[in-house]
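# Fold and geometry: a report
Chain residues, written in single-letter form:
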Amino acid sequence: MGLELYLDLLSPACRVVYIFAKANRIPFEYKAVALMKGEQLSEDFGKVNPLKKVPALKDGDFTMSESIAILQYLAEKYKLSDHWYPANLEKRAKINEFLLWHVNVVRPLMVKDFWLKIMAPTLLGRTAPAERLEAVAQEFSTVLDQFEKTFLQGKTYISGEEISVADVVSLCDLIQATCTGQNIFEERPKMAAWRRNVESHIGMELINEAQKVVLNAGSYSKDSMDSKGVEWLTARAQLLLS
């Protein structure tokens, strides 16, 4: 039995795993798990990942979750080019430093922004309070300043002059934020140059393929969603706006 990846490309964590595997020509079977239908909550998927979250990986009898851990597993197992996840202790440590910062700072902010602007209006029929949206915009400005000054200063990519897993992880999240109207790249030439470099290395065809679902997220309607999915999605939206 070969490698299986359980994904929903609506999720940025799933998109990065998909792009990374495809860009490195890693053979895998795509197993769709529709979050909007609540398929991740099913008993069958729970056998693959008891945490009932995507992405998830199944490689023979071995299973695991968490996108960063999956990327590291793929880089090691398939002996990918060293620049993706360097063997050098210090280089790898700096990549890990960025990844931990990103998943603890950038990704939660991006997810909050997406839910406030896309999911909450779709599910609850009302927009988020203006002060909540402004607070998120201010957080983005602060975080992007940190990104530029701490992780991109004087470098082509996050880890230096070669692309790494860190760049793929970050780009997938930040592109999603642009679909909610966040001004990330237009007034930040350093960020814009970094984006062009990453997109050039990976290829726009693959990036567009992976991002298509989330870029169309604004067209979702509650009526088009599965009733099982709507229940838990609505509860999450209500919690966010409470």
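The structure under discussion appears in the preceding block.
Heads up: these notes are all about the structure in this document.

Calculation criteria
Numbers given to residues run from 1 along each chain, matching the order in which its sequence is written. Only residues with pLDDT of at least 70 are given local features in this predicted model, and only at 80 or more are side-chain atom pairs given and counted; all residues enter the totals for whole chains, interfaces and linings. The side-chain figures draw on all heavy atoms in the structure; neither hydrogens nor water molecules are used. Two rings from Phe, Tyr or Trp (for Trp, the six-membered ring) form a pair when their centres are within 6.5 Å of each other. A pair whose planes differ by under 30 degrees is stacked, one over 60 is edge-to-face, and the rest are tilted. Consider the ring centre and the ring normal. A charge sits over the ring if Lys NZ or Arg CZ is within 6 Å of that centre and within 35 degrees of that normal. Lines fitted to the C-alpha atoms define the axes, with helices restricted to the stretch that makes contact. Angles between their N-to-C directions range from 0 to 180 degrees. Numbering of helices and strands starts at the N terminus; helices are DSSP runs of H or I of at least 4 residues and strands are runs of E of at least 2. Orientation is classified from the angle alone, with under 35 degrees giving roughly parallel, over 145 giving roughly antiparallel, 65 to 115 giving roughly perpendicular, and any other angle giving oblique. Whether a crossing is left-handed or right-handed is set by the direction in which the near helix is turned from the far one by less than a right angle, anticlockwise for left-handed and clockwise for right-handed. Only heavy atoms matter for contacts: two residues are in contact if any of them lie within 4.5 Å across the pair. When residues are grouped by polarity, Ala, Val, Leu, Ile, Met, Phe, Trp, Tyr, Cys and Pro land in nonpolar, Asp, Glu, Lys and Arg in charged, and all others, Gly among them, in polar. Relative accessibility under 20% of the residue-type maximum defines a buried residue, over 50% an exposed one, and the middle range a partly exposed one, all with a 1.4 Å probe and only protein chains included. Distance and chemistry together define a polar contact, namely a pair of N or O atoms within 3.5 Å, with one atom able to donate a hydrogen and the other to accept it when in protein, and with adjacent residues in sequence counting only for side-chain atoms on both sides. In this description, strands pair whenever DSSP reports at least two bridges between them. A crossover gets the label right-handed when its path from the first strand over the helix to the second runs clockwise, viewed with the strands pointing away from the viewer.

Time to look at the packing of aromatic side chains. A complete count under the given rule lists eleven aromatic pairs for this structure. Feature note: the residues Phe-98, Trp-101, Phe-147, Phe-151 and Trp-194 constitute an aromatic cluster, connected by ring pairs. Above the face of the Phe-185 ring, Arg-195 is positioned so that its terminal group lies 4.6 Å from the ring centre.

A separate point is the packing of helix 6 (residues 165-178) against helix 7 (residues 189-202). Between helix 6 and helix 7, whose axes approach to 11 Å, the crossing angle comes to 115°. As summarised for this structure, helix 6 and helix 7 are arranged roughly perpendicular, according to the angle between their axes. You can see that helix 6 and helix 7 cross each other, and the crossing is left-handed. Residue-level contacts link Asp-167, Val-168, Ser-170, Leu-171, Leu-174 and Ile-175 of helix 6 to Met-191, Trp-194, Arg-195, Val-198, Glu-199 and Ile-202 of helix 7. Broken down by class, the residue content of the contact of helix 6 with helix 7 amounts to eight nonpolar, one polar and three charged.

Next up on the list: the side chain of Gln-211. Examined against the element boundaries, Gln-211 turns out to sit in helix 8 (residues 204-215). Here Gln-211 falls in the buried class, since its relative accessible area comes to 1%. Among the polar contacts listed, one links the side chain of Gln-211 to the side chain of Arg-15, at a separation of 3.0 Å.

With that out of the way, let us pick up the pairing of strand 1 (residues 3-7). With five of its five residues buried, strand 1 lies for the most part within the structure. Alternating residues of strand 1 divide into Leu-3, Leu-5 and Leu-7 and Glu-4 and Tyr-6, and every residue in both groups is buried. Here four bridges tie strand 1 to strand 2 (residues 29-32), and the two strands are oriented parallel to one another. Note that in strand 2 the partner of Tyr-6 across the bridge is Lys-31. Following the chain from strand 1 across helix 1 (residues 12-23) to the adjacent parallel strand 2, one finds a crossover that is right-handed.

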